[in-house]
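Summary of the model geometry
Chain residues, written in single-letter form:
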Amino acid sequence: MTDLTGQHALITGSSSGLGFASAQALARAGADVWLNGRTPEKLDAAVAAIRAAGGVAHALAFDVTDEATVASAFARIDAEAGRLDILVNNVGLRDRRALFDIDAAAARRMIEVNLAAPFELARRAAALMIAGGRGGRIVNISSVAGAIANPGDPIYGVTKAGLDGLTRALAAELGPHNINVNGVAPGFFNTEANAASIADPAIAQWLKSRTALARWGEPEELAPAVLFLCSPAASYITGQTLAVDGGLLAHY
């Protein structure tokens, strides 16, 4: 039910962290994975790791907000693979500044990276899926911040709530083409981007009292949810956002 043999998957922001763990899971399930990032050295190392484990992986270095390089990346996938079956929109930007501290340019940048870019990537991916006539899967990596708010960090939550809305809109739009669109909303995960927070004892104590499982999540604990939504096992699920958060949204 989770066999992806013969399918091609693009995972953005996949040279490390949650994106890399998801790429590994899809590769283990048999997919040819296209890894994306902006740092060629990190990207090549991630591709090499997947290949060393027996998977099939390709590097696609591009900025998700750069229209020209995005177009070139999709043209390469089309030329070399002749198909695209899965898109995982994982790239995200966070700027933890309060309402009156963050400037307009920084706010617009977060909206561009977290919402506008996934929209354009989904549109391009859907075009390839429709042309192939096989349908496909799109998974947007959202956040629990799209469902709940915390003072001092307003714009990030706005972009993720927008991404949840985009997930529903795309599900309605693309369902007739047999394209399922879903989201995954991570809670607190042990990644490079969260290194400073992980080292903060106060946050660790807060997690113990705020989440049902009382700990940070590991990237390998998010990847199975992504794999499930990309697989035949989720064939009748679309327009949903699945929280993988250790019980944060269910616990107070």
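My aim in this report is to walk through the structure given alongside it, one point at a time. Since the model is a prediction, treat every value here as computed from it, not as a measurement.

What follows is about the overall build of the chain. On a plain count of helices and strands, the chain comes out with 8 helices and 7 strands. For 252 residues, the compact-globule estimate of 2.2 N^0.38 gives 18 Å, and the C-alpha radius of gyration of the chain, at 17 Å, lies within 12% of that figure. Each principal axis of the C-alpha atoms in the chain carries an extent, and together these give about 50 × 40 × 40 Å. Taken across its 252 residues, the chain has 47% of its residues classed as buried. Just so you have it, the chain exposes about 11,700 Å², and 56% of that area is on carbon and sulfur atoms. The chain carries 20 positive and 24 negative side-chain charges, and their two centres are separated by 3 Å.

Once that is clear, we can look at helix H8 (residues 219-230). Residue pairs three or four apart in sequence face the same way in an α-helix, which turns once every 3.6 residues. The terminal C-alpha atoms of H8, which comprises 12 residues, lie 17 Å apart, in line with the 16 Å expected from a rise of 1.5 Å per residue. For H8, the set of buried residues is Pro 219, Leu 222, Ala 223, Ala 225, Val 226, Leu 227, Leu 229 and Cys 230. Of the surrounding elements, those touching the buried residues of H8 are helix H1 (17-28), strand S4 (86-89), strand S5 (136-141), strand S6 (179-186) and strand S7 (241-244).

Here we take up the pattern of salt bridges. Under the criterion given, the structure shown has 12 salt bridges. Here Glu 112 ties to Arg 109 by a salt bridge, and the two come within 3.6 Å at their closest N and O atoms. Here the residue Glu 112 and the residue Arg 109 both occupy positions in helix H4 (residues 104-132), the gap between them amounting to 3 residues, near one helical turn. In this structure Glu 112 comes out as partly exposed when scored by relative accessible area, which is 33%. Judged by its relative accessible area of 31%, Arg 109 falls in the partly exposed class.

On to the nonpolar core. Leu 26, Val 33, Leu 35, Ile 50, Val 88 and Val 184 are the most contacted members of the largest nonpolar core, which totals 31 residues. For this core, the elements supplying multiple residues, two or more each, are strand S1 (8-11), H1, strand S2 (32-37), helix H2 (40-52), S4, S5 and H8. Broken down by element, the residue count for this core peaks at 6 residues, all from H8. Once residues lying within four places of it in the same chain are set aside, the contact partners of Val 88 are Leu 10, Ile 11, Thr 12, Leu 26, Val 139, Ile 141, Val 226 and Cys 230. Counting 26 residues, the second largest nonpolar core, distinct from the first, contains Phe 74, Ile 77, Ala 126 and Met 129.

On to helix H5 (residues 154-174), then. Compared with the 30 Å implied by 1.5 Å per residue over 21 residues, the 30 Å span of H5 between its first and last C-alpha is a close match. Within H5 the residues assigned to the buried category are Ile 155, Tyr 156, Gly 157, Thr 159, Lys 160, Leu 163, Asp 164, Leu 166, Thr 167, Leu 170, Ala 171 and Leu 174. At its buried positions, H5 is contacted by H4, S5, S6 and S7.

A few words on the sheet that holds S2. Pairing in this open sheet of 7 strands is parallel, and the strands run S3-S2-S1-S4-S5-S6-S7 from one edge to the other. Among the strands making up the open sheet, the edge pair consists of strand S3 (56-61) and S7. Going across the sheet, the axis of each strand differs from the next one's by a mean of 20°, ignoring polarity. Of the strand pairs in this sheet, S5 and S6 are connected by 6 bridges, and their pairing is parallel.

Rules used in this analysis
Residues numbered from 1 in each chain as written. Predicted model: local features only at pLDDT ≥ 70, side-chain atom pairs only at ≥ 80, totals over all residues. Heavy atoms only, no water. Helix = DSSP H or I, 4+ residues; strand = E, 2+ residues; numbered from the N terminus. Rg over C-alpha atoms; globule rule 2.2 N^0.38 Å. Buried < 20%, exposed > 50% of the residue type's maximum accessible area, 1.4 Å probe, protein only. Areas by Shrake-Rupley, 256 points an atom, 1.4 Å probe, with all protein chains shown as cover. Lys, Arg positive; Asp, Glu negative; His and termini not counted. Charge placed at Lys NZ, Arg CZ, Asp CG, Glu CD. Expected span 1.5 Å × (residues − 1). Contact = heavy atoms within 4.5 Å. Salt bridge = Lys/Arg side-chain N within 4 Å of Asp/Glu carboxyl O. Core = buried A, V, L, I, M, F, W, Y, C linked by side-chain atoms within 4.5 Å. Pairing = 2+ DSSP bridges. Axes fitted to C-alpha atoms, helices over the stretch in contact; angles between N-to-C directions.

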